Amino acid sequence: MFQEAIYHQPLGAYGYAIGSNRAKITLRSKKGDLKAVSMLHEDRFDAPGSHGTLQLTLAGSDEMFDYWQGTVESETKRVRYRFLLDDGVNRLWYAEGGFATVGERAGWFHLPYLNLADLFTVPDWVEGAVVYQIFPDRFRNGNKDNDPDGVLPWGGTPTPSTFFGGDLAGIIEKLPYLSDLGVNLLYLTPVFFSPSTHKYDTIDYLAIDPQFGDLETMKELVDEAHKRGMRVMLDAVFNHCGMLFPPFQDVLARGQESEYADWFHIKSFPVDTQAINYETFATGVASMPKFRTEHPAVREYLLRVAEYWVKDIGIDGWRLDVADEVDHAFWREFRSVVRAANPEALIVGEAWHASTEWLNGDQWDSVMNYLFRDACIDFFAKGDIDVEGFDQRLTRVRMMYKEQATKAMFNLLDSHDTERFLTTCGEREELLRLAVTFQMSYMGIPEIYYGTEVGMVGLTDPDCRRCMIWDEQEQNRELYQWFRRMISIRKEHRALRVGSFRSVIVDALANVYGFVRETDEEGVLVVLNRSRFAQSVSWPDGVSGGVDLLSGARYDGVLEVEPFGAVLLKYK
Ligand code: ARE
Ligand code: CA
């Protein structure tokens, strides 16, 4: 037995509550090493009747490890447990005291008490969400009167500083379009008063940029969206402000004397925007001075902003810009404030890498899942990894997070910061469709970047921010109809949204990937063929036929999947 590869701790994504008296447990072992893992558990004060044994199941593997999982129930909410590891030759106990042949010597792991106050909860509505990301200047110009000077004709080439006149009135005008598509959670990149086209350099956190509208337009957007069963999220740029933010201007003017001198990370006075003697977003972005979020006055200011938009204007959540560079304590307070203002509000961090530390239930609910995107690019778009590599990458990401977070992940293929996915695919639409089929049927919620549904392309920022194509002659209407259908399939089948996940076909030779999403009532087998040949697939355990949700065709006997094709087989 490879004891050195075995890992468990009663914390993070390895041991945590998923209900008032249920905890999910994960144990990691060297890939292929163990044949079985079980767990002896009981109340930590030995309450009568609390003793049990749980068989863990192999939930997935990555390149190096197997992950064994189980859910333990405890009436008293106080659990202690130890594992019995079996590699087919030896059996060893494992717990806090290490490895032992006799159980008592290994001791116990403890989950001392499953406090309801610590339970990671994500609002229920999130399970049904399909996100649509909008870059307001480029979505729709609904009001020519608020256009900034020098606005370019719709459809021109975007540069870092061009304006096209898109606004909130445009979004309101297109709500029927979005409703028809089936999306129900709109995420708008920043809309507060700011000089730039992207508006990540805020001047006033309490005002809508006049190019986009005003408070009334924002309220109208929220109300109209709500009437249609859609929610609206805004972008919280709290890592930094814009150079023209009045407190920073005050520091520029008055130096150390300014009451805001401590709001920023100033290295020396006087502040010099040429030499950039203060911390900024990224490296030397002078226009974006970084906030010192540990300063009580800064915290107070930003928390009131967060509260205002949720409580007074009625937005349904926040996407947090550069969220991984802001301190954890701030995000904890932020969560309390936002959830108190609206217990149903959603909090999604922007972090491109492992975000385990923020997803414990006390800070964010979810992240923009760029690790999902990375895996999809390598497998679907570029074909750089085979199906086995793809499955391993997905497993590794799932194992980083508590299941509450995994279910709420913003699974995106592209965004305003990246090349468009269709472009990455070399404009091969069949690859985009395959990836979107996966996105719509995987754990987490799909996030669509505006225009993907009509076939928009573009290299990275600024080219990925082209004006939305509204001329139906220029839209890919077939793709649109197909997106519509995929979204409705997801909405109609609960198994695809909240069902358990198990990969069942990982055929590297054929390059076919198959997985099962299952609830007690329903089961869907998703099969994706990422090869240019038709592939016949053998049925995984427990499935022997069903109806394809996409084509309506019934499959029994042979299950053949077309080149670059997909089947979503409802078998239960
Ligand atoms: C502007 C120009 C760009 C130019 C850049 C150079 O438009 O063409 O390349 O300046 O400095 C906003 C605007 C951008 C603007 C930027 C600076 O939208 O257009 O770029 O401000 O003025 C990292 C961060 C992540 C961040 C990305 C962009 O970790 O938080 O970089 N994303 C958010 C927003 C952006 C926004 C800002 C932050 C600033 O979503 O839109 O930019 O408020 C790797 C790294 C990641 C890295 C990622 C992308 O994977 O691991 O950490 O993300 O690449 O670079
Ligand atoms: Ca306008």
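Here goes a summary of the coordinates provided. All of these numbers come straight from a predicted model, not from anything done at the bench.

Conventions adopted
- Residues numbered from 1 in each chain as written.
- Chains lettered and ligands numbered in written order.
- Predicted model: local features only at pLDDT ≥ 70, side-chain atom pairs only at ≥ 80, totals over all residues.
- Heavy atoms only, no water.
- Helix = DSSP H or I, 4+ residues; strand = E, 2+ residues; numbered from the N terminus.
- Expected span 1.5 Å × (residues − 1).
- Buried < 20%, exposed > 50% of the residue type's maximum accessible area, 1.4 Å probe, protein only.
- Near = heavy atom within 4 Å.
- Polar contact = N/O pair within 3.5 Å; in protein donor to acceptor, adjacent residues only side chain to side chain.
- Areas by Shrake-Rupley, 256 points an atom, 1.4 Å probe, with all protein chains shown as cover.
- Nonpolar A, V, L, I, M, F, W, Y, C, P; charged D, E, K, R; others polar.
- Axes fitted to C-alpha atoms, helices over the stretch in contact; angles between N-to-C directions.
- Parallel < 35°, antiparallel > 145°, perpendicular 65-115°, else oblique.
- Contact = heavy atoms within 4.5 Å.

**Quick look at helix 12 (residues 429-441)**
Counted at 1.5 Å a residue, the expected span for helix 12 with its 13 residues is 18 Å, and the 18 Å between its end C-alpha atoms agrees. Counting buried positions over the 13 residues of helix 12 gives 10, a clear majority of the element. Within the sequence span of helix 12, burial applies to Leu431, Leu432, Leu434, Ala435, Val436, Thr437, Phe438, Gln439, Met440 and Ser441.

**Here's the deal with the site of ligand 1**
The local shell around ligand 1 holds 17 residues, among which Asp321, Glu350, His353, Asp417 and Asp461 are the closest. Between ligand 1 and the protein, one listed contact pairs an oxygen atom with a side-chain N or O atom of His353 at 2.5 Å. Out of a free accessible area of 940 Å², ligand 1 has 64% covered by protein chains. In terms of residue class, the shell around ligand 1 is made up of seven nonpolar, four polar and six charged.

**A few points about the packing of helix 8 (residues 370-381) against helix 9 (residues 387-400)**
Close contact between helix 8 and helix 9 brings their axes to 9 Å; oriented N to C, the two are set at 175°. If you check the angle between helix 8 and helix 9, you find them roughly antiparallel. Seen from helix 8, the contacting residues are Leu371, Asp374, Ala375, Cys376, Asp378, Phe379 and Phe380; seen from helix 9, they are Val387, Phe390, Arg393, Val397 and Met400. Residue composition of the contact of helix 8 with helix 9, by class: nine nonpolar, no polar and three charged.

**Re unusual backbone geometry**
The general pattern is negative phi for most residues beyond glycine and trans for most peptide bonds. The peptide bond linking Phe269 to Pro270 adopts the cis configuration, its omega dihedral lying at -5°. Relative to the helices and strands, Pro270 resides in the loop between helix 5 (246-254) and helix 6 (296-311). Pro462 follows Asp461 through a cis peptide bond whose omega is 10°. Its location among the elements puts Pro462 in the loop between strand 20 (445-449) and helix 13 (477-492). Phi is positive for Asp46, close to 65°, though the residue is something other than glycine. Along the chain, the position of Asp46 falls in the loop between strand 3 (36-43) and strand 4 (52-55). Under the relative-accessibility criterion, Asp46 is labelled partly exposed at 40%.

None of this, on its own, says anything about what the molecule does.
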